[in-house]
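# Chains, contacts and geometry: an overview
One-letter residues, chain by chain:
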Amino acid sequence: MATEVVREAPAKVNLRLAVLAQETSGYHALESLFCALSLHDTVRVSRGGEEIELVTEGAIDTGPDHENLVVRAARRFLLEMGGVDGGVRIRLEKRIPSAAGLGGGSSDAAATLLALNDLFEAPFASEALLQMGSELGSDVPFFLCGSPLALGWGRGERLLALPPLPSRPVLVAHPGVAMPTGSAFQRLAELRGGAFRPPAVAIPSDALSDWDRLSPFAVNDFEPAADERLPQLATARQALREAGAGMALLAGSGASVFGVFHDAGARDAAEPAVQRLGFSTWRAHTLSGGTVG
Ligand code: C5P
């Protein structure tokens, strides 16, 4: 049996994020094109200690341990196993900014489920892990689905894994202000008024394998609500576009923005302009190979 299992937990951006109608549960149905990035956290799990011990490294605030999705994922996994002798130690190296729309917490949770499944020699099939993941958070199933590119519906638990797009350089920029998911949905619903009916959209299948064909469909419905609260988000996306980004969008419900570039030189040249607007930046690229999850 392995003594330690190490997994990378990548960030994601949504190349398309359409917020559809509000369901009777109060939640909104989504249509999302998830894309994993090279920017990642690292999760290490090993046996030992008592119950679940989490040590977090890095400058990112993850909140109290009991609220951390990693601990909730581990608790859920061990419960499904019917308990184990001794405890589990988890080391989380944080690099992905929290509450930024980059799926960091969800990715850490998915990596924890996958790492524990390896550590305990595969007690669960992928369907069972997906079920546990979907109950932990909306973005967790994507990070379990095994592809760095996937279309998602519902709350993100219905997925179609796609062949990855060719890797492209990405600049991620964060304004240093968190954007709580709940208030983003609430403001969007207010801006739309009561009876929102999603428009009909037909995305041709070849747009899902070609960055240039995809760009007309690259939208994020949260942008008007996010820009109203933080106008610098629109300015940063404009700066990314002016620097050559073929796509510049809000990440998830915010507050990060990102630009997808043709070449790394243009991406790197864009960085100072975005930093001058008060944003922290991360150079990354979209993942095009291997498996995520
Ligand atoms: O997923 P989470 O619980 O973090 O979402 C916070 C809030 O955002 C929810 O309570 C709900 O009001 C809103 N939400 C939504 N539709 C979704 C996801 C979240 O309306 N698909």
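Everything here concerns the structure above.
Throughout, a residue's number is its position along its own chain's written sequence, starting from 1. At least 70 in pLDDT is required for a residue's local features to be given in this predicted model, at least 80 for side-chain atom pairs to be given and counted, and no such filter applies to totals for whole chains, interfaces and linings, which use all residues. The side-chain numbers reported here are obtained from all heavy atoms of the structure, hydrogens and water having been left aside.

### So, the overall build of the chain
- Each helix is a run of H or I in the DSSP string that is no shorter than four residues. Each strand is a run of E no shorter than two, and both are numbered from the N terminus. Looking only at helices and strands, the chain features 9 helices and 10 strands.
- Only the C-alpha atoms count toward the radius of gyration. The rule for a globule is 2.2 Å times the residue count to the power 0.38. Here the C-alpha atoms of the chain give a radius of gyration of 19 Å, agreeing with the 19 Å that 2.2 N^0.38 yields for 293 residues.
- Along the three orthogonal principal directions, the C-alpha set of the chain runs to about 55 × 45 × 35 Å.
- Taking the contacts inside the chain whose residues are at least 6 apart along the sequence as the reference set, 74% of them involve residues at least 24 apart. Contact criterion: two residues are considered in contact whenever any of their non-hydrogen atoms come within 4.5 Å of each other.

### Quick notes on the pattern of salt bridges
- For salt bridges, the criterion is a side-chain nitrogen of Lys or Arg within 4 Å of an Asp or Glu carboxyl oxygen. As enumerated under the stated definition, the model contains 22 salt bridges in all.
- Residues Arg44 and Glu93 are paired through a salt bridge, measuring 2.7 Å at the closest nitrogen-oxygen approach. Within this pair, whereas Arg44 is found in strand β2 (residues 28-47), its partner Glu93 is found in strand β4 (residues 88-93), the two being separated by 49 residues in sequence.
- Only protein chains enter the accessibility calculation, which uses a 1.4 Å probe; a residue whose area is less than 20% of its type maximum is buried, one above 50% is exposed, and one in between is partly exposed. The class of Glu93 is partly exposed, set by a relative accessible area of 21%.
- Salt-bridge contacts for Arg213 lead to Asp206; the nearest nitrogen and oxygen are separated by 3.4 Å.
- What makes Arg213 partly exposed here is its relative accessible area of 45%.
- One continuous salt-bridge network, built from bridges that share partners, spans Arg267, Asp268, Glu271 and Arg283.

### Examining the sheet that holds strand β8 (residues 247-250)
- A pair of strands is treated as paired once DSSP finds two or more bridges between them. One open sheet accounts for 4 strands, arranged β8-β9-β7-β10; its pairing is antiparallel. A strand with exactly one partner marks an edge of an open sheet, and here the two such strands are β8 and β10 (280-285). The sheet shows a mean angle of 20 degrees between the axes of neighbouring strands, taken without regard to direction.
- Summarising the sheet, strand β7 (residues 169-174) and β10 pair through 6 bridges and their orientation is antiparallel. Bridging across to β10, Val170 finds its partner in Ala284.
- The strands that helix α9 (residues 264-276) touches are β7 and β10; relative to β7, the one it contacts most, it runs at about 10 degrees. Axis lines are fitted through C-alpha atoms, for helices just across the contact stretch, and the angle between N-to-C directions can take any value from 0 to 180 degrees.

### Side note on the pairing of β4
- Side chains Val88, Ile90 and Leu92 project from β4 onto a buried face, and the interleaved Arg89, Arg91 and Glu93 project onto a face without burial.
- Sheet topology note: the β2/β4 ladder contains 6 bridges and is antiparallel. For Val43, the partnering residue across the bridge sits in β4 and is Leu92.
- Note: strand β3 (residues 52-57) against β4, 6 bridges, orientation parallel. Residue Glu57 lies in a different strand from β4, and its bridge partner there is Glu93.

### Quick word on unusual backbone geometry
- Note that the residue after Gly254, namely Ala255, is joined by a cis bond; omega there is 10 degrees.
- Along the chain, Ala255 falls in the loop between β8 and β9 (257-260).
- Of note in the backbone geometry, Glu51 takes a positive phi value of approximately 50 degrees without being a glycine.
- Considering the arrangement of structural elements, one finds Glu51 in the loop between β2 and β3.
- Located in the positive-phi region is Ala99, a residue other than glycine, with phi close to 50 degrees.
- With respect to the element layout, Ala99 can be found in the loop between β4 and α2 (104-119).

### Focus: the site of the ligand
- Being near a molecule or strand, for a residue, comes down to having at least one heavy atom within 4 Å of it. In the region of the ligand, the neighbouring residues are Gly26, Tyr27, His28, Leu30, Ser138, Arg155, Gly182 and Phe185.
- Any N or O atom pair separated by 3.5 Å or less is treated as a polar contact, with the protein-specific requirement of one donor-capable and one acceptor-capable atom, and with residues adjacent in sequence counted only for side-chain atom pairs. Between the ligand and His28, the relevant distance is 2.7 Å, taken from an oxygen atom to a side-chain nitrogen or oxygen of the residue.
- The Shrake-Rupley method, run with a 1.4 Å probe sphere, supplies the accessible areas, and residue values consider only the shown protein chains as cover. Considering the ligand on its own, with 450 Å² of exposed area, one finds that the protein chains cover 64% of that surface.

### Describing the packing of α2 against helix α3 (residues 126-136)
- The interhelical angle for the contact between α2 and α3, taken along N-to-C directions, is 150 degrees, at an axis separation of 10 Å. Taken together, the axes of α2 and α3 are roughly antiparallel relative to one another. Taken as a pair, α2 and α3 cross one another with a handedness that is right-handed. Contact residues: Leu113, Leu114 and Asn117 in α2; Leu129, Met132, Gly133 and Leu136 in α3.
- Residues are grouped as follows: Ala, Val, Leu, Ile, Met, Phe, Trp, Tyr, Cys and Pro are nonpolar; Asp, Glu, Lys and Arg are charged; every other residue, Gly included, is polar. Here the contact of α2 with α3 is built from residues that sort into 5 nonpolar, 2 polar and no charged. Any angle that falls under 35 degrees is termed roughly parallel, while one over 145 is termed roughly antiparallel, one within 65 to 115 roughly perpendicular, and all others oblique. Each crossing gets its handedness from the near helix: less than a right angle anticlockwise from the far helix is left-handed, clockwise is right-handed.

### Examining helix α5 (residues 181-192)
- A rise of 1.5 Å per residue sets the reference length of α5, with its 12 residues, at 16 Å; its end C-alpha atoms lie 17 Å apart and thus fit the reference within 8%.
- Residues Ala184, Phe185 and Leu188 constitute the buried set of α5. Down the axis of α5, the buried set is contained in an arc of 95 degrees. They therefore lie on one face.
- Residues of α5 that are buried sit in contact with β1 (4-22), β2 and α7 (223-229). Here, expected helix span is obtained from the residue count minus one, scaled by 1.5 Å. Our arc is simply the arc of the directions from the helix axis toward the C-beta atoms.

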